[in-house]
Amino acid sequence: MNMAIEAKSLTKTFGSVRALTEGRLRVAEGEIHALLGANGCGKSTLSKIIAGTHAPSSGSLRINGQEVSFASPRAAEDAGVALFYQELSLIPQLSVEANIFLGREPRTAVGAIDRKAMRAMAQKLIDRFGEAVGPGLRPEARVSDLQPGERQIVEILKVYAKNPRIVIMDEATAALDSRQVAVFFDFLREKRGEGVSTVFISHRLAEVFAICDRITVMRNGETVAEMTVADTTQEEVVRMMVGDIHRPQKRAAKTGTATPIFEVRNITGARFHDVSLSLAPGEILGLGGLQGQGQSALLRGLFGITPLTAGTLHLEGRACRMRRPAQAMAEGLAYVSGDRVSDSVLQGRSIYENLLAALVMREGKLWLSPRQMAPRLSAEAASLKTKYAQLSDAINTLSGGNQQKVFIARWLATQPRILLLDDPTKGIDLGAKADLFALIRDLADKGVGIILYSSEESELLDNCDRIAVFNGGAVVTELSGATLDSFHLTRAAFGES
Amino acid sequence: MSDGLTSDINARPWQTKALTLLRDPLTLALLAIVVMLGIGEALSPGFARGDQIVRLLTVAALLGIAAAGQNLVILSGGAGIDLSVGALISFGAVVAGNVMNGADAAILPAILAAIAVTFLFGCVNGIGVTVIRIPPIVMTLGMMAVVQGGLVVFSQGIPSGNAAPALMNFINKPMLFGLPGILFAWLALSIAMVILLRRTSLGFAIYAIGANEQAARLVGLPVKTVRVLVFGLSGALAGLTGVMVIGYTGNSFISVGDQYMLPTIIAVVIGGTSLAGGSGGYVGTVAGAIALVLLQSLLTTLHLEVWGRQLIFGATLLVLLGMYGRQQAPRV
């Protein structure tokens, strides 16, 4: 058996963060091979090294038996390796054909783009998905006019237009419907027959077992297992992904008998559908699952940042609507984003002003007296152990962790009844995280309802009374009590309820 | 809070402190004013005489009042700029001139009429920018053309309307301590602007929206309303400038305000307000307006040809703006 990919002892560090400590992957020619692992296990880093996006810090990589070190994605493509980008890489204003052949358009004898040939080649590629795509998917159609599933198919075709021998499919089925997935799998099998190797990354374990020959499992930056699909079970794969089962130190769980402070019934929005949740006062409800399964989108929908297209919201039994953040604030909601640069920081302004931001509208005062406000705001900042010299210093004199404390204190000053936390610890140091979760527990004890999304599952397991697990924009299952452990969380994250 | 941090800041060597001070646009503008006065006095004795300075400040006041509105628009960010101030100054002058028609009793109605009309034009700018989402530079340029066209139709191109004598005295004759009334009016406006920006929720919202519009929306600030209001205020302050301008010149003609458009932007930027929005203030703009008028006056005193004046004027501005541009580049 010829090995298409042989990666041994690959490591990658970003600054002081070790994203990959022992990356191993062996994929045979003409094999469909699954690469699995929880959030942050290193599978994306490993794929990016193979596709030439990142250079490894150390280790060896052989492609078709040749030792390689790719200087760029282009170099990897020249060696026959193509990566499917999870983030859409299409240019919406261009046509389907122009996107598929971007940078490698067929040329006529005089060097101009051969449009006739390009259209014919694009049509041939599209025809392979024949019955699974609508009539809108034509070579000359603009990408911005396509449905999300069709766009993803164009993205897939763009990968295969490079005639690769090795393809890395990172969440390539995320936006496809079941019929499109079936056709795509037929296509993958056909490619397997032609000797093309596929590395398949997916958040749906069922798909992995339907299409893959072998599986490599990663955990905490290391490859921990390599197995044949026929010889294993989904149960065993989940166990390998989880490792030692993390059983959290339970906080004194709130009794679920209290009347819910906040109820969400069958709501649908941009990247989630038919979600129902209920939150008791003093409860910490976690949103779990792999990244980008609709958790952030849900929180933004609840706070009125993006519109809800269906469903109802009830606050203490009373129906309410959140069309704008101001409306959600008036109802006593608060939202802390993990994306500080785009959602929170008032760049170039003082710490005082950054703390004051949410209070201005909440209290509706025309006159802002620093003498009156400053003591209140510094008290809120102190409750989170925020370190700063003076309130008048610029916000960017603080570290990321201290900035995030300021943005949380900003909301605490409004005394919210419901706190929505959208991956609030993204990129902040361990000390700041500990301070933050101590405060969150404290708030819950005081009766505030908290909905927490975190991309780190230990944060969810250690702090939440219940976890609603998301997969593909919907809640797969809710974990509580005995099922609140890393095994059940990971299993649900991969679509097994 | 943290002793370590405080002592670190205090322990900065004096060179660093001096450098920070030199980078401060307000200090730079004040320094430029002193240097230019010195050069002017050396080249042409009498340049820095008291009555000359009062004359200069009066001209600067006209620019400064219009620049206050420009200042608010630029602070609120989102590529905010108001190119219609010149046309609205002309419009305010023509409206005030026709309402007053030389009668002292009609001064107050004239001021109110000019401000009300230009405020509405400004709000139209704001609505175009926020609701229809036309970029500010395009929207206000269009407004400028519409207002100028309207003025031609309205006045048939003939100067019309006269300033009331009391208004002319207010601007040209000493009122108190040898200073004309307009300087006290400018002082009052400056205090009002500083209070608005530093102590009111509207001022807070203007800075917040300019610093990060998305963050401002997420804390519930009414971004669109504030923007409409800011463009409205810019229009109203242009209208008020128009009233002062007719008092300065005696009568109104339809292009009287055109020369103010670019200088309002320059005064704001020299004064240290970031063109990206979210940082700066009105005190700097006051210094900027004075420095700008002083530079123009100095170049006239040098008896340079017109092309020489323009060359030096343009080069000075490029140097100043270049210095600020670099300073404000790292915004993340």
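Residues numbered from 1 in each chain as written. Chains lettered and ligands numbered in written order. Predicted model: local features only at pLDDT ≥ 70, side-chain atom pairs only at ≥ 80, totals over all residues.

## Remarks on the overall build of chain B
Moving on, step 1. When helices and strands are counted, chain B shows 15 helices and four strands.
Moving on, step 2. Taking all 332 residues of chain B together, the buried fraction comes to 48%.
Moving on, step 3. Taking the contacts inside chain B whose residues are at least 6 apart along the sequence as the reference set, 76% of them involve residues at least 24 apart. (Helix = DSSP H or I, 4+ residues; strand = E, 2+ residues; numbered from the N terminus. Buried ≥ 20, exposed ≤ 12 C-beta atoms within 10 Å, placed from the backbone. Contact = placed C-beta atoms within 7 Å.)

## As for the overall build of chain A
Moving on, step 1. When helices and strands are counted, chain A shows 17 helices and 20 strands.
Moving on, step 2. For 497 residues, the compact-globule estimate of 2.2 N^0.38 gives 23 Å, and the C-alpha radius of gyration of chain A, at 25 Å, lies within 12% of that figure.
Moving on, step 3. When the backbone C-alpha atoms are referred to their principal axes, chain A occupies close to 75 × 50 × 45 Å.
Moving on, step 4. When each of the 497 residues of chain A is scored for burial, the buried share is 48%. (Rg over C-alpha atoms; globule rule 2.2 N^0.38 Å.)

## Describing the interface of chain A and chain B
Moving on, step 1. With 27 residues of chain A at the contact, the number on the chain B side is 25 residues.
Moving on, step 2. Mapped by element, the contributors of at least two residues to the side of chain A that touches chain B are α10 (325-330), α11 (340-343) and α12 (351-363) of chain A.
Moving on, step 3. Broken down by element, the residue count for the side of chain A that touches chain B peaks at six residues, all from α12(A).
Moving on, step 4. Its residues assigned to classes, the side of chain A that touches chain B comprises 18 nonpolar, four polar and five charged. (Nonpolar A, V, L, I, M, F, W, Y, C, P; charged D, E, K, R; others polar.)

## Things to note about the nonpolar core
Moving on, step 1. Counting 253 residues, the largest nonpolar core has Leu420(A), Ile450(A), Val469(A), Leu63(B), Ala96(B) and Ala208(B) as its most contacted members.
Moving on, step 2. Ranked by residue count, the leading element in this core is helix α12 (residues 223-249) of chain B, at 15 residues.
Moving on, step 3. Both domains that meet at this core, namely domain 1 (3-242) and domain 2 (262-493) of chain A, each give it at least three residues.
Moving on, step 4. Other than its neighbours up to four places away in sequence, Leu63(B) contacts Tyr260(B), Pro263(B), Thr264(B), Ala267(B), Ala289(B), Leu292(B) and Val293(B). (Core = buried A, V, L, I, M, F, W, Y, C linked by C-beta atoms within 7 Å. Domains from an automatic or database assignment.)

## Remarks on the UniProt feature "transmembrane region" (unreviewed entry) in chain B
Residues and elements named next belong to chain B.
Moving on, step 1. As annotated in UniProt, the feature "transmembrane region" (unreviewed entry) corresponds to residues 26-44, 56-75, 107-128, 134-154, 175-197, 228-250, 262-295 and 307-325 in the numbering used here.
Moving on, step 2. Counting secondary structure, residues 26-44 comes out at 95% helix and 0% strand; the distance between its end C-alpha atoms is 27 Å.
Moving on, step 3. The distance separating the terminal C-alpha atoms of residues 107-128 is 32 Å; by composition the span is 100% helix and 0% strand. (UniProt positions renumbered as here; feature names shortened; annotations may be inferred.)

## Describing the packing of α12(A) against helix α14 (residues 400-412) of chain A
All names here are of chain A.
Moving on, step 1. Between α12 and α14, whose axes approach to 6 Å, the crossing angle comes to 40°. For the element pair α12 / α14, the angle class is oblique. For the crossing formed where α12 meets α14, the hand is right-handed. Between α12, through Ile351, Asn354, Leu355, Ala357 and Ala358, and α14, the contact on the second element is made entirely by Val406, Ala409, Arg410 and Trp411.
Moving on, step 2. A breakdown of the residues in the contact of α12 with α14 according to their chemical character gives seven nonpolar, one polar and one charged. (Axes fitted to C-alpha atoms, helices over the stretch in contact; angles between N-to-C directions. Parallel < 35°, antiparallel > 145°, perpendicular 65-115°, else oblique. Left-handed = near helix turned anticlockwise from the far one by under 90°.)

## Some points on the sheet that holds strand β20 (residues 474-480) of chain A
Residue and element names in this part refer to chain A.
Moving on, step 1. Spatial strand order, β16-β17-β18-β13-β19-β20: six strands in an open sheet with mixed pairing. Since the sheet does not close on itself, it has two edges, and those belong to β16 (333-337) and β20, each with one partner. On average, adjacent strands in this sheet sit at an angle of 20° to one another, irrespective of strand direction.
Moving on, step 2. Two elements, strand β13 (residues 284-288) and strand β18 (residues 449-453), share four bridges in a ladder whose sense is parallel. Across the sheet, residue Leu287 finds its bridge partner in β18, namely Tyr453.
Moving on, step 3. Along the sheet, helix α15 (residues 430-445) contacts β13, β17 (418-422) and β18; its crossing angle with β18, the most-contacted strand, is approximately 150°. (Pairing = 2+ DSSP bridges.)

## As for the environment of Leu205(A)
Residues and elements named next belong to chain A.
Moving on, step 1. Note on placement: Leu205 falls in helix α7 (residues 205-211).
Moving on, step 2. Placed 197 residues apart in sequence, Leu205 and Lys8 show a C-alpha to C-alpha distance of 25 Å.
Moving on, step 3. With near-sequence residues (within four places) excluded, Leu205 lies in contact with Gln234, Val237, Phe494, Gly495 and Glu496.

## So, the environment of Ser95(A)
Residue and element names in this part refer to chain A.
Moving on, step 1. Relative to the helices and strands, Ser95 is located in the loop between β6 (81-84) and α3 (96-100).
Moving on, step 2. For the pair Ser95 and Arg189, spaced 94 residues apart in sequence, the C-alpha to C-alpha distance is 28 Å.
Moving on, step 3. Those residues in contact with Ser95 that lie beyond four places of it in its chain are Pro139, Glu140, Ala141 and Arg142.

## Section: helix α4 (residues 50-75) of chain B
Moving on, step 1. In α4(B), a bend of some 30° at Ala67(B) exceeds every other bend along the element.
Moving on, step 2. Two residues or fewer past α4(B), Gly77(B) is found with a positive phi of approximately 70°. (Bend = angle between axes of the 7 residues up to and from the residue.)

## As for the domain arrangement of chain A
Residue and element names in this part refer to chain A.
Moving on, step 1. Partitioning chain A into domains gives domain 1 (3-242) and domain 2 (262-493).
Moving on, step 2. Taking only C-alpha atoms into account, the centre of domain 1 sits 35 Å from that of domain 2.
Moving on, step 3. Across the contact, seven residues belong to domain 1 and 10 residues belong to domain 2.
Moving on, step 4. When its residues are assigned to classes, the side of domain 1 that touches domain 2 shows four nonpolar, two polar and one charged.

## Some words on the confidence of the model for chain B
It should be kept in mind that the predicted coordinates are not to be read in detail where pLDDT is low.
Residues and elements named next belong to chain B.
Moving on, step 1. Considering every residue of chain B, the mean pLDDT works out to 86; 90% of them sit at 70 or more.
Moving on, step 2. pLDDT under 50 marks residues 1-11. Its contacts with residues more than four places away, or in other chains, come to eight contacts.
Moving on, step 3. Long-range and interchain partners of residues 327-332, a stretch whose pLDDT sits below 50, account for seven contacts in this model, where long-range means more than four residues apart.
Moving on, step 4. Our summary of model confidence lists the complex with pTM equal to 0.83 and ipTM equal to 0.85. (pLDDT = per-residue confidence, 0-100.)

## What about α15(A)?
All names here are of chain A.
Moving on, step 1. Taking 1.5 Å per residue, 16 residues should reach 22 Å; α15 reaches 23 Å between its end C-alpha atoms and fits that length.
Moving on, step 2. Taken together, the buried positions of α15 are occupied by Ala432, Asp435, Leu436, Ile440 and Ala444.
Moving on, step 3. If you follow the buried residues of α15, they end up packed against β13, α14, β18 and α16 (457-463).
Moving on, step 4. Positive backbone phi, approximately 105°, marks Gly447, located one or two places after α15. (Expected span 1.5 Å × (residues − 1).)

## As for the sheet that holds strand β12 (residues 272-279) of chain A
Residues and elements named next belong to chain A.
Moving on, step 1. Strand order in the open sheet made by the four strands is β12-β11-β14-β15, with antiparallel pairing throughout. The open sheet has two edge strands with one neighbour each: β12 and β15 (318-320). Between one strand axis and the next, the sheet turns by 25° as a mean value, whatever way the strands run.
Moving on, step 2. Across the face of the sheet, helix α9 (residues 295-302) comes into contact with β11 (262-269) and β12 while running at roughly 115° to β11.

## Here's the deal with the packing of helix α8 (residues 165-172) of chain B against α12(B)
All names here are of chain B.
Moving on, step 1. One way to put it is that α8 packs onto α12 with a least axis distance of 8 Å and a crossing angle of 90°. When the axis of α8 is compared with that of α12, the two are roughly perpendicular. Residues Leu167, Met168, Phe170, Ile171 and Asn172 of α8 form the contact with α12, whose participating residues are Met244, Gly247 and Tyr248.
Moving on, step 2. When the residues that make up the contact of α8 with α12 are grouped by side-chain class, the tally is six nonpolar, two polar and no charged.

## Concerning the pairing of β12(A)
All names here are of chain A.
Moving on, step 1. Alignment of β11 against β12, held across five bridges, turns out to be antiparallel. Its bridge partner being in β12, Gly269 is matched across the sheet by Phe272.
Moving on, step 2. Between β11 and β12, which pair antiparallel one after the other, the connecting turn spans two residues.

## Topic: the pairing of β20(A)
All names here are of chain A.
Moving on, step 1. One ladder, built from six bridges, connects strand β19 (residues 466-471) with β20; its direction is antiparallel. Within the sheet, the bridge partner assigned to Val469 lies in β20 and is Thr477.
Moving on, step 2. The hairpin formed by β19 and β20 contains two residues between the paired strands, and Gly472 there has a positive phi angle of roughly 60°.

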